[in-house]
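Chain and residue survey
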Amino acid sequence: MLETTIAEIAPPDPMAMTAARDLQARLTKPAGSLGALEELSVRLAGLAGVCPPPLPEPAAVAIFAGDHGVHTQRVTPWPQEVTAQMIGNFLAGGAVVNAFARQAGASVTVVDVGVAAPLPFPPADAAPADAAPADAAPADALSAEAPSGDAVPAPTGTTLAPPRLLDANVRRGTRDMTVTAALTRDEARAAVETGIRVAGELIDAGAGVLLTGDMGIANTTPAAALVAAFTGVDPEAATGRGTGVDDETYRRKVDVVRTALDRHRPDPADPLGVLAAVGGLEHAALAGLILGAAARRVPVLLDGVIAVSAALAAAALAPDAVGAMVAGHRSAEPGATVALRHLGLDPLVDLGLRLGEGTGALLALPVVVGAVRVLHEVATFDAAGVSEK
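Notes on the structure follow. Computed from a prediction, not measured in an experiment: that's the story for all the values here.

Tracing the backbone shows Glu357 in the loop between α13 (334-343) and α14 (359-377). In this structure Glu357 is buried but unpaired, with Arg102 as the nearest side chain of opposite charge at 10 Å. Within the local environment of Glu357, its side chain forms a polar contact with the backbone nitrogen of Val97, the two atoms lying 3.2 Å apart. In this view, Glu357 contacts Val61, Ile63, Met86, Phe90, Ala95, Val96, Val97, Gly213, Asp214 and Asp303; residues no more than four positions away in its chain are not counted.

Next up, the structure:
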């Protein structure tokens with residue numbers, strides 16, 4: 001599946017991009033007056049291969065959740081069980097991502113790709129967690145989904161389905177990357193292919209844009225390792241304070257990232273190997289989500305440092321996948337800026353956010369929709385009878 005998906009990813013369509021630039025020049029506004037929105041509309045036309053491109057709606061948020069063996073190195077004060085507890089909060093509709101998703105009219109899908117603890121709301125008809133070996137990879141199809149709670153009204157008056165949970169657990173958390181590889185290559189591949197399948201299912205269900213979400217206590221540590229591995233920066237430049245750790249914990253976190261990289265010496269020319277050595281299951285699955293969307297020529301709105309570290313892996317696997325990526329915001333985590341610079345992406349908003357979950361991507365969503373709506377709805381000078389300068 002991975003190789004087939006990569007083979008389907010094509011570069012942006014130059015003719016569609018030229019048509020979008022020409023159309024922007026003829027709209028009733030001064031040339032360049034919409035700033036970055038104009039180039040974004042051109043990029044999205046190139047991705048879709050048509051001008052104007054389809055409106056990027058409806059939106060679907062995919063939150064991939066996993067736990068991390070490196071948590072034992074005390075890189076965060078938060079207990080590991082919070083990952084599973086927050087999944088319960090997502091399904092109950094009580095998290096920040098839920099509030100922002102309701103505002104944006106976006107669906108929320110939570111995917112257990114590597115949670116260590118039993119989930120508070122196990123998927124309907126799924127086998128018990130102990131029915132399969134801990135290292136077992138998911139089957140080709142995702143397990144039955146379980147919606148939770150009642151449908152909620154969207155701002156437009158339409159009804160949003162409640163958040164749902166998918167069971168695609170590859171293993172119950174990664175191994176400690178300072179001791180051994182976090183994942184085997186087979187496990188990393190299984191997680192990437194889970195993300196590809198989720199992208200396909202969401203797009204087949206009608207999604208016009210995918211938004212990345214994540215949940216995993218300690219997951220900014222492997223994110224920093226991925227950023228350093230793919231960009232070559234020093235671990236300290238890629239490592240942030242995550243949930244707001246104190247100075248002692250931050251220094252330990254930098255040392256942990258450095259230790260893991262020194263132990264494994266991951267080769268950025270082998271992206272699957274990098275994900276296996278120092279990545280997380282949610283990072284690998286997010287890379288797959290990006291690849292799956294790029295293969296279908298559907299944009300992916302990236303959230304924070306977890307998403308952009310995964311985007312580095314996706315770009316290493318398929319450079320043309322960058323054409324499907326839109327940087328929603330600039331995370332306060334320093335590794336996010338390093339990764340965005342490496343990818344050549346400019347974030348749409350910069351609000352000092354560092355929550356994750358998909359929150360920054362959701363706040364940027366109206367900007368993306370607006371950039372495309374201009375091409376659909378704004379009159380040209382000729383059509384409006386407006387004189388040009």
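Moving on, there is more to tell.
Of all hydrophobic cores here, the largest spans 119 residues; its most connected members are Phe64, Leu210, Leu211, Val278, Leu291, Leu302 and Met325. Residues Ala16, Met17, Leu27 and Ala45 belong to the second largest nonpolar core, which totals 9 residues.

Take the packing of helix α7 (residues 220-231) against helix α9 (residues 247-264) next. Closest axis-to-axis distance for the α7/α9 pair is 10 Å, and the angle between their directions is 50°. Judged by the angle between their axes, α7 and α9 are oblique. As for the relative orientation of α7 and α9, their crossing is right-handed in sense. Each of Thr220, Thr221, Ala224, Ala225, Ala228 and Ala229 in α7 lies in contact with α9, whose residues at this interface are Lys253, Val256, Val257 and Leu261.

A word on the packing of aromatic side chains. This structure, assessed with the given rule, holds 0 aromatic pairs. The side chain of Arg241 reaches across the aromatic face of Tyr250, ending 4.8 Å from its centre.

Summarising burial for strand β7 (residues 209-215): 7 of the 7 residues are buried, a large majority. Both faces of β7 are covered, namely the face carrying Val209, Leu211, Gly213 and Met215 and the face carrying Leu210, Thr212 and Asp214. Note: strand β1 (residues 59-66) against β7, 7 bridges, orientation parallel. Residue pairing across strands places Ala60 opposite Leu210, the latter belonging to β7. Sheet topology note: the β7/strand β8 (residues 300-302) ladder contains 2 bridges and is parallel.

In this structure, Val257 sits in helix α9. Spatially, the C-alpha atom of Val257 lies 6.3 Å from that of Pro235, the residues being 22 residues apart in sequence. Every residue in contact with Val257, bar those within four places of it in the chain, is listed here: Thr221, Ala224, Ala225, Pro235 and Thr239.

Moving on: the pattern of salt bridges. All chains considered together, the criterion is met by 16 salt bridges. Put simply, Arg21 and Glu39 hold a salt bridge, and the shortest N to O gap is 3.3 Å. Taken together, the residues span a long stretch of sequence, with Arg21 in helix α2 (residues 14-26) and Glu39 in helix α3 (residues 36-48) at a distance of 18 residues. Here Asp262 ties to Arg265 by a salt bridge, and the two come within 3.9 Å at their closest N and O atoms. Asp262 gets classed as partly exposed once you look at its relative accessible area, which sits at 42%. Shared partners join several salt bridges into a network, and the residues in it are Glu3, Arg189 and Glu193.

Contact geometry of α7 with helix α10 (residues 271-278) gives a least axis separation of 10 Å together with a crossing angle of 145°. The interaxial crossing formed by α7 with α10 has right-handed handedness. Of the residues in α10, those touching α7 at Pro222, Ala225, Leu226, Ala229 and Phe230 are Pro271, Val274, Leu275 and Val278. Considering only residue class, the contact of α7 with α10 consists of 9 nonpolar, no polar and no charged.

It is worth spelling out unusual backbone geometry at this point. Look at the link from Cys51 to Pro52: it is a cis peptide, with omega at -5°. Residue Glu57 is joined to Pro58 through a cis peptide bond whose omega torsion reads -5°. Looking at the secondary structure, you find Pro58 in the loop between α3 and β1. At Ala218, a position not held by glycine, the phi torsion is positive, near 80°. Within the element layout of this structure, Ala218 appears in the loop between β7 and α7. Given the relative accessible area of 8%, Ala218 is considered buried.

What counts and what doesn't
Residues numbered from 1 in each chain as written. Predicted model: local features only at pLDDT ≥ 70, side-chain atom pairs only at ≥ 80, totals over all residues. Heavy atoms only, no water. Helix = DSSP H or I, 4+ residues; strand = E, 2+ residues; numbered from the N terminus. Buried < 20%, exposed > 50% of the residue type's maximum accessible area, 1.4 Å probe, protein only. Lys, Arg positive; Asp, Glu negative; His and termini not counted. Salt bridge = Lys/Arg side-chain N within 4 Å of Asp/Glu carboxyl O. Polar contact = N/O pair within 3.5 Å; in protein donor to acceptor, adjacent residues only side chain to side chain. Contact = heavy atoms within 4.5 Å. Core = buried A, V, L, I, M, F, W, Y, C linked by side-chain atoms within 4.5 Å. Axes fitted to C-alpha atoms, helices over the stretch in contact; angles between N-to-C directions. Parallel < 35°, antiparallel > 145°, perpendicular 65-115°, else oblique. Left-handed = near helix turned anticlockwise from the far one by under 90°. Phe/Tyr/Trp six-rings, centres within 6.5 Å; stacked < 30°, edge-to-face > 60°. Lys NZ or Arg CZ within 6 Å of the ring centre and 35° of its normal. Pairing = 2+ DSSP bridges. Nonpolar A, V, L, I, M, F, W, Y, C, P; charged D, E, K, R; others polar.

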